[in-house]
Amino acid sequence: MSIEKSNRPELFIDNERYDWDEDTITGRQIRVLASLPDDVQIFHKVPGHPDQEIKDDTVVDLTKQKGPERFWTQPVGSQAG
């Protein structure tokens, strides 16, 4: 029996873990992966920096930081809390 270490990036959307096999992901792919409606905004949590809004055509490099990549959502027009 072999135990294979996964090199897949850890990806969390609204604190729920998702499997993703690629080094990059777009906002549209995040939306599809997490079944997010078009009326929510997606934000990327980057330690030490303000959260970055992810548009459908934004490409996120999942290899840039150590540890899991975290995204969160909020309804369009809401103020970040």
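Residues numbered from 1 in each chain as written. Predicted model: local features only at pLDDT ≥ 70, side-chain atom pairs only at ≥ 80, totals over all residues. Heavy atoms only, no water.

Caption draft 1: Region of the structure containing the nonpolar core. The biggest cluster of nonpolar side chains holds 14 residues, and the ones touching the most others in it are Leu11, Ile13, Ile25, Ile30, Leu36, Leu62 and Phe71. If you list the elements that add at least two residues to this core, you get β1 (11-13) and β4 (40-45). Filtering out sequence-adjacent residues up to four positions away, Phe71 remains in contact with Leu11, Phe12, Ile13, Asp14, Ile25, Ile30, Ile42, Phe43, His44, Ile54, Val60 and Leu62. (Core = buried A, V, L, I, M, F, W, Y, C linked by side-chain atoms within 4.5 Å. Buried < 20%, exposed > 50% of the residue type's maximum accessible area, 1.4 Å probe, protein only. Helix = DSSP H or I, 4+ residues; strand = E, 2+ residues; numbered from the N terminus. Contact = heavy atoms within 4.5 Å.)

Caption draft 2: Representation of the packing of aromatic side chains within the structure. What the rule picks out here adds up to one aromatic pair. Measuring from ring centre to ring centre gives 4.5 Å for Phe43 and Trp72, while their planes differ by 15 degrees; the resulting arrangement is stacked. Note that Phe43 is positioned in strand β4 and Trp72 in strand β7 (residues 69-75), a separation of 29 residues in sequence. Of the residues examined, Phe43 reaches a relative accessible area of 11% and is grouped as buried. On the accessibility criterion, Trp72 (16% relative accessible area) is buried. Above the plane of the ring of Phe12 lies Arg70, whose end atom (NZ or CZ) is 4.4 Å from the centre. (Phe/Tyr/Trp six-rings, centres within 6.5 Å; stacked < 30°, edge-to-face > 60°. Lys NZ or Arg CZ within 6 Å of the ring centre and 35° of its normal.)

Read these as layout, nothing more, since geometry by itself doesn't imply function.
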